[in-house]
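Architecture and fold: a report
One-letter residues, chain by chain:
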Amino acid sequence: MEYRFITPNRIGKWYPELNLAMKQAAGIGAGYYDKASGQFFKYRDTQLQVRNSPEDDAPLAA
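Starting from 1, residues in each chain are numbered consecutively following that chain's sequence as written. Where local features are concerned, this predicted model is filtered to residues with pLDDT of at least 70; where side-chain atom pairs are given and counted, the filter is 80 or more; whole-chain, interface and lining totals use all residues. Note that water and hydrogens are dropped before the side-chain values are worked out from all heavy atoms of the structure.

Structural notes on the overall build of the protein
Going along the chain from the N terminus, every DSSP run of H or I of four or more residues is numbered as a helix, and every run of E of two or more is numbered as a strand. Per the secondary structure count, the protein includes one helix and four strands. Here the contacts in the protein between residues at least 6 apart in sequence split such that 36% fall between residues at least 24 apart. Only heavy atoms matter for contacts: two residues are in contact if any of them lie within 4.5 Å across the pair.

As structure tokens, then:
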């Protein structure tokens, strides 16, 4: 599975681990990761997207 965060203005990269996606989310303004507690606090209107594999985005063959 892969994970990314989306804000109204930006779309994050896909990451193979949720923990890594949470740590990188601050870079796009999706929220912040508290290192002391290990928790992620997302900002309003931030969404988490999950996909099974990169092939999920591939167009279907005709």
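Observations regarding the side chain of Glu 2
You can see Glu 2 is positioned in strand β1 (residues 2–6). A distance of 2.7 Å separates polar atoms of two side chains, one belonging to Glu 2 and the other to Arg 51. The definition of a polar contact used here is a pair of N or O atoms within 3.5 Å, where within protein one atom must be able to donate a hydrogen and the other to accept one, and adjacent residues in sequence count solely through side-chain atom pairs.

Remarks on a nonpolar patch on the surface
In this scheme, patches are assembled from residues that exceed 30% relative accessible area and form no salt bridge. Like charges are connected within 9 Å, while nonpolar side chains (Val, Leu, Ile, Met, Phe, Trp, Tyr) are connected within 5 Å. For the accessible areas, the method is Shrake-Rupley and the probe is 1.4 Å, while residue cover comes only from the protein chains on display. In the sections that follow, a salt bridge refers to a side-chain nitrogen of Lys or Arg positioned within 4 Å of a carboxyl oxygen of Asp or Glu. Together, Met 1, Leu 18, Leu 48 and Val 50 line one region of the surface with nonpolar side chains, adding up to about 340 Å² of accessible area. Relative to the helices and strands, Leu 48 is located in strand β4 (residues 47–51).

Let's talk about the nonpolar core
In these notes, a set of buried Ala, Val, Leu, Ile, Met, Phe, Trp, Tyr and Cys residues joined through side-chain atoms within 4.5 Å is what counts as a nonpolar core. Note on exposure labels: buried denotes an accessible area under 20% of the residue type's maximum, exposed denotes more than 50%, and partly exposed covers the range between, all computed with a 1.4 Å probe on protein chains only. Judged by nonpolar contacts, Tyr 3, Phe 5, Tyr 15, Ala 21, Met 22, Ala 25, Ile 28, Ala 30 and Phe 40 together constitute the single largest core of nine residues. Not counting the four nearest positions on each side in its chain, Phe 40 is found in contact with Phe 5, Met 22, Ala 25, Ala 30, Gly 31, Tyr 32 and Tyr 33.

Comments concerning the packing of aromatic side chains
Aromatic pairs are defined between Phe, Tyr and Trp rings, using the six-membered ring for Trp, whenever the two ring centres lie within 6.5 Å; interplanar angles under 30 degrees are classed as stacked, those over 60 as edge-to-face, and all others as tilted. Counted by the stated rule, this structure contains three aromatic pairs. Relative to Phe 40, the ring of Phe 5 lies with its centre 4.8 Å away and its plane at 40°, an arrangement referred to as tilted. Pair noted here: Phe 5 is in strand β1 and Phe 40 is in strand β3 (residues 39–42), with a separation of 35 residues, a long-range link. Connected via pairs of aromatic rings, a cluster forms that spans Tyr 32, Phe 41 and Tyr 43.

Structural notes on the pattern of salt bridges
Close approach of charged atoms allows side chains of opposite charge to pair. Inspection of the entire model under this criterion finds one salt bridge. With a closest N to O distance of 2.7 Å, Arg 51 and Glu 2 form a salt bridge. One end of the pair, Arg 51, is in strand β4; the other, Glu 2, is in strand β1, with 49 residues separating them in the sequence. The burial state of Arg 51 is the same as that of Glu 2; both residues are buried.

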